[in-house]
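Chain and residue survey
What follows is each chain in one-letter form.
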Amino acid sequence: MHSRTRAALLAIVLAAAAAAACGMPSPLGPDYEYEEDLTLSMDGSATLDVNASVLALDALKGLTLPPDVNARTDDLRDRVRALYESPYAGVGRISTWTRRGHRFVGIRLTVPDIRALPKAPQFAWAKYALSPDGELVAFRETLSKPPPPGVTLPPWRGDELVAFRVHLPARIRFQNSRYLDGGGTRPASRGNIVTWEQRLQQRIEGKPIAYAEDRTPDVMEVRMDRESILYRTLWLFGIAFAAALLVLAGLIWLTMRRGRDEVSRPQ
């Protein structure tokens, strides 16, 4: 492989790793103007990463954050922390970066119970449900139209995207994600990650991002197994480890028995 090609590939890998470490979206994926990345547990606890431009937060959340890329970073982080901290979500790392002349922020939230998160002001536009559904568990997120912007915003280009991504803890049996602007069902990635995409202007206008199986608009819906992938993996690992110990014990026993037979054998 040519040295320049290797250098370019290395730069891409390093950039992706740096983005993941800082809570920023990967350069290998789409550039979202607003993104929610939810990692859900079976008990309803979750980690939620919000990555968005300041302009998108002002547009979708009715905020008045300063979009100036030269604004003081510490002041922006303090304001974002104050806006997102609540009894229903703890704010962890907050990162900032610039893309296409827009200031972006990344917010990591620890959520004790996703079903209570709409009580936090910045997530009042959503409702979350996690409940048994026969032999499966159903997760539903229902969106409503965002509040009016708190400030006058510049016109959008029209190609800005928003995304809602959910990492599920168990094998998915049904989900209603579709490709952007229609098309067929969008498959889950890596088996248990579902992404819903929409154009930012459509989200501002409150147009449905998905339809539930019963045709209820703006409902992102997933049904999954009751047993978590992690639990099943640990169970299989435990079985394999126990089997390995049994094999090792058997080999030790055979070796010791062979030694006793050789000692007791007449010379």
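The following paragraphs examine the structure supplied in this document. If you're wondering where the values come from, they're calculated on a predicted model, not measured in any experiment.

**With respect to the pattern of salt bridges**
Throughout the structure, instances matching the rule amount to 15 salt bridges. The shortest N-O distance in the salt bridge between D113 and R115 comes to 2.9 Å. According to the relative accessible area criterion, R115 is partly exposed, its value standing at 35%. With its nearest N and O atoms 2.9 Å apart, the salt bridge here joins R157 to D159. By relative accessible area, D159 is classed as partly exposed at 40%. One salt-bridge network, held together by shared partners, links D133, R140, E213, E221 and R223.

**Focus on the sheet that holds strand β7 (residues 161–167)**
Strand order in the open sheet made by the 6 strands is β3-β4-β2-β1-β7-β9, with mixed pairing throughout. Every other strand in the sheet has two partners, leaving β3 (90–99) and β9 (193–199) as the edge strands with one partner each. On average, adjacent strands in this sheet sit at an angle of 10 degrees to one another, irrespective of strand direction. Judged from the 7 bridges that link them, β7 and β9 form a sheet pairing that is antiparallel. Paired with F164 across the strands is W196, a residue of β9. Taken strand by strand, helix α3 (residues 73–84) contacts β2 (46–53), β3 and β4 (102–111), and its axis lies near 140 degrees from that of β3.

**Some words on α3**
In this model, α3 (12 residues) spans 16 Å end to end at C-alpha, consistent with the 16 Å of a helix rising 1.5 Å per residue. Here α3 has its buried residues at L76, V80 and Y84. End-on view of α3: buried residues confined to an arc of 55 degrees, all on one side of the axis. Facing away from the buried side of α3, by more than 90 degrees, are the exposed residues D78 and A82. In this fold, the buried residues of α3 make contact with β2, α2 (54–61), β3 and β4.

**Let's talk about the sheet that holds strand β8 (residues 172–175)**
Here we have 4 strands laid out as an open sheet, ordered β5-β6-β10-β8, and antiparallel in their pairing. The sheet terminates laterally at β5 (126–133) and β8, the two strands that pair on one side only. Across the sheet, the mean angle separating the axes of adjacent strands is 15 degrees when strand polarity is ignored. Of the pairings in the sheet, the one linking β8 to strand β10 (residues 219–225) comprises 3 bridges and is antiparallel in character. Its bridge partner being in β10, F174 is matched across the sheet by R223.

**Focus on the pairing of β3**
Taken together, the 8 bridges between β3 and β4 define a ladder with antiparallel strand orientation. What sits directly across from W97, in β4, is F104. Here β3 folds back onto β4 in antiparallel fashion, the turn holding 2 residues, of which R100 has a positive phi close to 55 degrees.

Analysis parameters
Residues numbered from 1 in each chain as written. Predicted model: local features only at pLDDT ≥ 70, side-chain atom pairs only at ≥ 80, totals over all residues. Heavy atoms only, no water. Salt bridge = Lys/Arg side-chain N within 4 Å of Asp/Glu carboxyl O. Buried < 20%, exposed > 50% of the residue type's maximum accessible area, 1.4 Å probe, protein only. Pairing = 2+ DSSP bridges. Helix = DSSP H or I, 4+ residues; strand = E, 2+ residues; numbered from the N terminus. Axes fitted to C-alpha atoms, helices over the stretch in contact; angles between N-to-C directions. Contact = heavy atoms within 4.5 Å. Expected span 1.5 Å × (residues − 1). Arc of directions from axis to C-beta.

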